[in-house]
Amino acid sequence: AGAWCSITVRDLLEASRWQLAPQDGYKCVACCRIFPTLCSLKTHLRHGVREGFSCKVYYRRLKALWEREREAREASAAAA
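Counting of residues starts from 1 at the beginning of each chain's written sequence and follows it residue by residue. Totals for whole chains, interfaces and linings use all residues, but because this is a predicted model, local features are given only for residues with pLDDT of at least 70 and pairs of side-chain atoms are given and counted only at 80 or more. Derived side-chain values reflect all non-hydrogen atoms in the structure, with water molecules and hydrogen atoms excluded from consideration.

Right, let's talk about the nonpolar core for a bit. Judged by nonpolar contacts, the single largest core of 13 residues is most densely connected at Ile7, Leu12, Ala15, Cys28, Leu41, Leu45 and Tyr59. Numbering of helices and strands starts at the N terminus; helices are DSSP runs of H or I of at least 4 residues and strands are runs of E of at least 2. Put simply, the parts of the chain that give this core at least two residues each are helix 1 (9-15), helix 2 (38-47) and helix 3 (55-79). The greatest single-element share of this core, amounting to four residues, is contributed by helix 3. Apart from the residues lying within four places of it in its own chain, the contact partners of Leu41 are Leu12, Tyr26, Lys27, Cys28 and Phe35. The definition of a nonpolar core used throughout is a set of buried Ala, Val, Leu, Ile, Met, Phe, Trp, Tyr and Cys residues joined through side-chain atoms within 4.5 Å. Only protein chains enter the accessibility calculation, which uses a 1.4 Å probe; a residue whose area is less than 20% of its type maximum is buried, one above 50% is exposed, and one in between is partly exposed. Contacts between residues were defined by any pair of non-hydrogen atoms, one from each residue, lying within 4.5 Å.

Looking now at the packing of aromatic side chains. By convention, a stacked pair of Phe, Tyr or Trp rings (six-membered ring in the case of Trp) has centres within 6.5 Å and planes under 30 degrees apart, an edge-to-face pair has planes over 60 apart, and any other such pair is tilted. All told, the structure shown has one aromatic pair when counted by the stated rule. Summarising the aromatic geometry, the rings of Tyr58 and Tyr59 are spaced 5.6 Å apart at their centres and angled 90° between planes, so their arrangement reads as edge-to-face. In this structure Tyr59 comes out as buried when scored by relative accessible area, which is 3%.

Right under this line is the structure:
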């Protein structure tokens, strides 16, 4: 359970891979707001709930889903 508690920069970049984003900034895939730096996006995730955003919950759920998919792929590969 602890593996998905920490949202990393890699997680943010992976999540935004499918999103069209401007060249000067990073888009939060949960609320679609644009942030000038990865640091400002991570700050938004940590403190967005104060502004009424639950983006951190979205990223945590997304990371948990990725972990389950990775574990299923590994189990499938081990069984083959």
